[in-house]
Amino acid sequence: IEIVAVPFFNESNDLRGLVFVFHDITELKHVDQIRKDFVANVSHELKTPVTSIKGFAETMLDDDAIEPAMIHKFLTIIYKESDRLQSLIHDLLELTKLEQEEFKVELKRINFSVIVNDCVTFVKELAHKRDLELKLNVDSDLFLTGDGARLKQVILNLLYNAISYSKDHGQIVVTAKRTHPWIELTIKDNGIGIPEEMIDRIFERFYRVDQARSRETGGTGLGLAIVKHIVEAHEGVIEVDSQVDIGTTFKILIPITHGLS
Ligand code: ADP
């Protein structure tokens, strides 16, 4: 609580009393703390790849007799870490854009079925490389009012996660159908799952169940925060159901017509 004393005077300017104003600044403090944590997290996330890039470049510069095989190994690391930096910067800029108050989705009448199918085609090769089966159960001509490019971003993020957090020979099932007044999309995997006590936190920026695994798969820890923003900008809902070692299902509901609520 912040207390401010405001004096008040009569016509001859004599002090007549004080008015105490009590401001509850708990919420403000909380927002400020989130902002500080975010800046600390961003700095840490950026520092890790930069340190690694610099270190390996330095080692190569300092050692004249370095073997070509070693050079190749170090350059591979440098490439991977730069790639990681690029994804981080990309996702950070996306998130900043989405969080601006004036951000609005570009609404058009779109065929959601086509968008889902395009996204699945896009990740098909990666899924097969990982020996994962992709099953589709997408009704055709699911029209809705939405932002096609942004919804693509949502679906791709969820598909990439389903692939990254799958187990060997896993299966991913994508279902899209109309459940009036919504279009419902579910992406179900039978992967590693999320511990119950962590489910509520996965939409937070940089929150990861397993730091090492997320890093390894090139995750930035920002994907689901971006997904949630986009779904909510469509006045939609996102839900997750998960069990460790059994799998995870993400469900999104997007209103068929925007602006009814
Ligand atoms: P990341 O870049 O780490 O994947 P996200 O924001 O996309 O970041 O996801 C946050 C965390 O939620 C992940 O690090 C992972 O621990 C968990 N997660 C997301 N999707 C799945 C999934 N399909 N199965 C298991 N865990 C998941």
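Report follows, based on the coordinates. For every chain, the first residue of its written sequence is number 1, and the numbers climb from 1 along that sequence. Only residues with pLDDT of 70 or above have their local features reported here, since the model is predicted, and side-chain atom pairs are shown and tallied only from 80 upward, although totals for entire chains, interfaces and linings are computed over all residues. The side-chain figures draw on all heavy atoms in the structure; neither hydrogens nor water molecules are used.

Let's talk about the overall build of the protein
A run of H or I in DSSP counts as a helix once it spans at least four residues, and a run of E counts as a strand once it spans at least two, with each numbered from the N terminus. The number of helices and strands found in the protein is seven helices and nine strands. Here's how the labels work: a residue is buried when its accessible area is under 20% of the maximum for its type, exposed when over 50%, partly exposed in between, all with a 1.4 Å probe on protein chains only. Per-residue burial over the protein gives 38% buried out of 261 residues. Whether two residues touch is decided by their heavy atoms; if any such pair falls within 4.5 Å, the residues are in contact. Contacts spanning at least 24 positions in sequence make up 66% of the contacts within the protein whose residues lie at least 6 apart. Carbon together with sulfur atoms contributes 54% to the accessible area of the protein, which is approximately 16200 Å² in total. Charge assignment in this entry is limited to Lys and Arg as positive and Asp and Glu as negative, and neither His nor the chain termini are counted. A charge is said to be at NZ when it belongs to Lys, at CZ for Arg, at CG for Asp and at CD for Glu. Here the protein contributes 30 positive and 42 negative side-chain charges, whose respective centroids are spaced 3 Å apart. Under the convention used here, a 1.4 Å probe and the Shrake-Rupley method define accessible areas, while residue burial counts only the protein chains that appear.

Thoughts on the site of the ligand
Surrounding the ligand, one finds 19 residues, the nearest of these being Tyr165, Ser214, Thr220, Gly221 and Leu224. Here a polar contact is recorded for every N or O atom pair within 3.5 Å, except that within protein the pair must consist of a potential hydrogen donor and a potential acceptor, and residues adjacent in sequence are included only if both atoms are side-chain atoms. Note that an oxygen atom of the ligand is positioned 2.8 Å from one of the side-chain N or O atoms of Tyr165. Thr220 places a main-chain nitrogen or oxygen 2.9 Å from an oxygen atom of the ligand. A total of 530 Å² of accessible area belongs to the ligand in isolation, and the protein chains cover 97% of it. Looking at the shell around the ligand, the elements that each hand over two or more residues are α4 (148-164), α7 (223-233) and β9 (247-255). Residues that form the shell around the ligand fall into these classes: nine nonpolar, eight polar and two charged. The nearness test applies per residue and asks whether one of its heavy atoms lies within 4 Å of the molecule or strand. Think of it as three bins: nonpolar holds Ala, Val, Leu, Ile, Met, Phe, Trp, Tyr, Cys and Pro, charged holds Asp, Glu, Lys and Arg, and polar takes everything else, Gly as well.

Observations concerning the side chain of Ser164
Relative to the elements of secondary structure, Ser164 occurs in helix α4. Its relative accessible area of 14% is what places Ser164 among the buried residues. Discounting chain neighbours no more than four positions away, the residues touching Ser164 are Arg130, Arg213 and Thr217.

Overview of a negative patch on the surface
By definition, no residue in a patch forms a salt bridge, and every one has over 30% relative accessible area; like charges are joined within 9 Å, nonpolar side chains (Val, Leu, Ile, Met, Phe, Trp, Tyr) within 5 Å. One speaks of a salt bridge when a side-chain nitrogen belonging to Lys or Arg is within 4 Å of a carboxyl oxygen belonging to Asp or Glu. Judged by side-chain charge, Glu58, Asp62, Asp63 and Asp64 come together as a negatively charged surface patch. Within the fold, Asp62 resides in helix α1 (residues 26-62). Assessed through its relative accessible area of 65%, Asp62 is described here as exposed.

Remarks on the side chain of Thr248
Along the chain, Thr248 turns up in strand β9. Side-chain polar atoms of Thr248 contact the side chain of Ser242, separated by 2.9 Å.

Things to note about the pairing of strand β1 (residues 2-9)
As paired elements, β1 and strand β2 (residues 15-23) share eight bridges and run antiparallel to each other. Across the sheet, residue Val4 finds its bridge partner in β2, namely Val21. Between β1 and β2, which pair antiparallel one after the other, the connecting turn spans five residues, and Asn13 there sits at a positive phi close to 65°. Paired strands, as defined in this entry, are two strands with at least two bridges between them according to DSSP.

Some points on α4
Over its 17 residues, α4 runs 24 Å from end to end, which matches the ideal 24 Å to within 8%, given 1.5 Å per residue. Of all 17 residues in α4, 12 are buried; the element is thus mostly enclosed. For α4, the capping residue at the N-terminal end is Asp147, with a side-chain oxygen 3.3 Å from the backbone nitrogen of Ala149. Expected helix span is taken as 1.5 Å per residue step, with the number of steps being one fewer than the number of residues.

Let's talk about the sheet that holds strand β6 (residues 171-179)
Reading across from one edge, β4-β6-β7-β9-β8 is the order of the five strands in this open sheet, with mixed pairing throughout. Two strands lie at the open edges of the sheet, namely β4 (133-138) and β8 (237-243), each paired on one side alone. Neighbour-to-neighbour, the strand axes of this sheet turn through a mean angle of 10°, independent of strand direction. The strands touched by helix α3 (residues 112-129) are β4, β6 and β7 (182-189); relative to β4, the strand with the most contacts, the crossing angle is about 175°. With axes taken as lines fitted to C-alpha atoms, and helix axes fitted only over the stretch in contact, angles between N-to-C directions fall between 0 and 180 degrees. Against the sheet, α4 engages β6, β7 and β9, with an angle of about 20° to β7.

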